[in-house]
Amino acid sequence: MTADTSLLFEPLRINDALTLRNRVVMAPMTRNRSPDGVPGEDVAAYYRRRAENDVGLIVTEGVAVDHPAAVGNAGLKEFAVPEMFGDAALAAWKHIVDGVHQAGGTIFPQLWHQGVMRLAGSGRYPEAESMRPSGLWGPPGRRTSSAADYVEAMLPPTRAMTDGEIADVIGAFARSARNAKAAGFDGIALHGGHGYLFDVFFWAETNKRTDHFGGDMAGRARFATEVIRAIRREVGADMPIMFRFSQWKQQDFDARIAETPDDLARWLGLLVDAGVDILDASTRTFDTPAFEGSDLSLAGWARKLTGKPAMAVGSIGLSKDLYQRPSEEEAIAGAGLERLMIRMERGEFDLAGVGRSLIADPAWAVRARTGEPFKPYTVEATRQLY
Ligand SMILES: Cc1cc2nc3c(=O)[nH]c(=O)nc-3n(C[C@H](O)[C@H](O)[C@H](O)COP(=O)(O)O)c2cc1C
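Our subject in this report is the structure included herewith. (Residues numbered from 1 in each chain as written. Predicted model: local features only at pLDDT ≥ 70, side-chain atom pairs only at ≥ 80, totals over all residues.)

A word on the overall build of the protein
Formally: Only DSSP runs of H or I covering at least 4 residues are called helices, and only runs of E covering at least 2 are called strands; the numbering of each starts at the N terminus. Throughout, radius of gyration means the C-alpha value; the globule benchmark is 2.2 Å times the number of residues raised to the power 0.38. With C-beta atoms placed from the backbone, the exposure class of a residue follows from how many other C-beta atoms lie within 10 Å of its own: 20 or more, buried; 12 or fewer, exposed; in between, partly exposed. Contact between two residues is assigned whenever their backbone-derived C-beta positions fall within 7 Å.
Broken down by element type, the protein carries 13 helices and twelve strands. Taking 2.2 N^0.38 as the reference for a compact globule, 386 residues should give roughly 21 Å; the C-alpha atoms of the protein span a radius of gyration of 19 Å, in line with that estimate. Here the protein holds 386 residues, and the buried ones make up 51% of them. Sequence separation of 24 or more characterises 76% of the internal contacts of the protein that already satisfy a separation of 6 or more.

Structural data, given as structure tokens:
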């Protein structure tokens, strides 16, 4: 059966300044191919290709904010994560944004600070200490996506961030957002999920602070809300801010920040009050019910509780989720689009975030629109980063 996807290709108004041409969003996906933090012509062509092929909104790979501990990686220069600071990187981003705009697309950078997920001594600035709200990576013995030796390296407690360090990171986000605006981006996306810095402030298992950045939900959300407010001051009232949040963490697949819809209302309400315009509810399977007693997805709850545009993401058009390896090779392209459209048509959420399918096939959205057969999904294709 071929799904009627016409609603996916209707415009969506975000605010006075921005209307997306359709509801297909390329989910943020790290490429690790920006030597010295500067995204090159290959990166420009990669994003432009998706814009030329009907993607409504591109959220870039995670981009390091202007703070030395923002990202770590294998430490190999050519495999670096791109940065949102420095003349060379900012000129390169302007070129990328121009290309996407010429193709009729819209693009937000995903601003990223890895916090506790960064291995001390790694990245372009190995001397910088990893940032942890309470010195904790996460509780041991949980179901995790991380390799055992990595977990072992991360588990020893380090020191907690000082107030001065928190203020520095807030400043880094604000500066980087200002840089992104100057480069011409259409909005700002923030990576608030998956166990990275915002998320370990939200999570009571990693945030044991007794100052105003810890304690109840308002305290644990304060780091994020201060960043959002600082960004809002820099970019003005019109530039949309999109916030990715997740219950799951790489440190613990079964973690939950919100046990109930009321908890979720409180959490997301704080983010929206601070200035968030679009909620990106990161899950591994987009239509998993978020709470018992209702089949509403996490994105569905986000929209219902806040009234803000919400994006669902996780195995949209793919039969296997992100961590189902190695059988991922057999994932069926185009699977489950009927399930997606039923939920979108009933207004459960507004945007469809597509990850791996859009790395594997730059023309995925065209096929979803025209009904042309999907290309078979292969992990090999996702590695080519074409
Ligand atoms: C190679 C790869 C890199 C990713 N990098 C990021 C990232 O930088 N930031 C982020 O928020 N999510 C990242 N993700 C998660 C995706 O944005 C998305 O949520 C996830 O892949 C589920 O969507 P999918 O099932 O359509 O692939 C990454 C996923 C993949 C496969």
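Structure's up, so let's keep going.
Some points on the site of the ligand
Under the convention used in this document: Think of it this way: take the backbone, place a C-beta atom on it, and check whether that atom is within 6 Å of the molecule or strand, in which case the residue is near it. Here the term charged refers only to Asp, Glu, Lys and Arg, the term nonpolar to Ala, Val, Leu, Ile, Met, Phe, Trp, Tyr, Cys and Pro, and the term polar to all other amino acids, Gly among them.
Around the ligand, a shell composed of 20 residues is seen, among which Ala27, Thr30, Gly62, Gly355 and Arg356 lie nearest. Counting residues per element, the ones that place at least two in the shell around the ligand are β4 (57-64) and α11 (356-360). Each residue belonging to the shell around the ligand can be placed in one class, and the counts come to eight nonpolar, nine polar and three charged.

So, the packing of helix α4 (residues 163-182) against helix α7 (residues 222-235)
Test applied: In this analysis, axes come from line fits to C-alpha atoms, helices being fitted only over the stretch in contact, and the angle between any two N-to-C directions falls in the range 0 to 180 degrees. Should the near helix be turned anticlockwise from the far one by less than a right angle, the crossing is termed left-handed; should it be turned clockwise, right-handed.
In contact at an axis separation of 9 Å, α4 and α7 are set at 35 degrees when each is read in the N-to-C sense. Between α4 and α7 lies a crossing whose hand is right-handed. Together, Ile166, Ile170, Phe173, Ala174, Ala177, Arg178 and Lys181 of α4 and Phe223, Glu226, Val227, Ala230, Ile231, Glu234 and Val235 of α7 make up the contact between the two elements. Taken together, the residues that form the contact of α4 with α7 break down as ten nonpolar, no polar and four charged.

So, the packing of helix α8 (residues 261-274) against helix α9 (residues 298-306)
For any two helices packed against each other, one specifies the inter-axial angle together with the distance between the axes. Here is the rule we go by: For classification, angles of less than 35 degrees are called roughly parallel, those exceeding 145 degrees roughly antiparallel, those between 65 and 115 degrees roughly perpendicular, and all remaining angles oblique.
The geometry of α8 relative to α9 is characterised by a closest axis approach of 9 Å and an angle of 65 degrees between their N-to-C directions. One way to sum up the angle between α8 and α9 is to call them roughly perpendicular. Like other packed secondary-structure pairs, α8 and α9 cross with a definite hand, here right-handed. Residues Pro261, Leu264, Ala265, Leu268, Gly269 and Val272 of α8 pack against Trp301, Ala302, Leu305 and Thr306 of α9.

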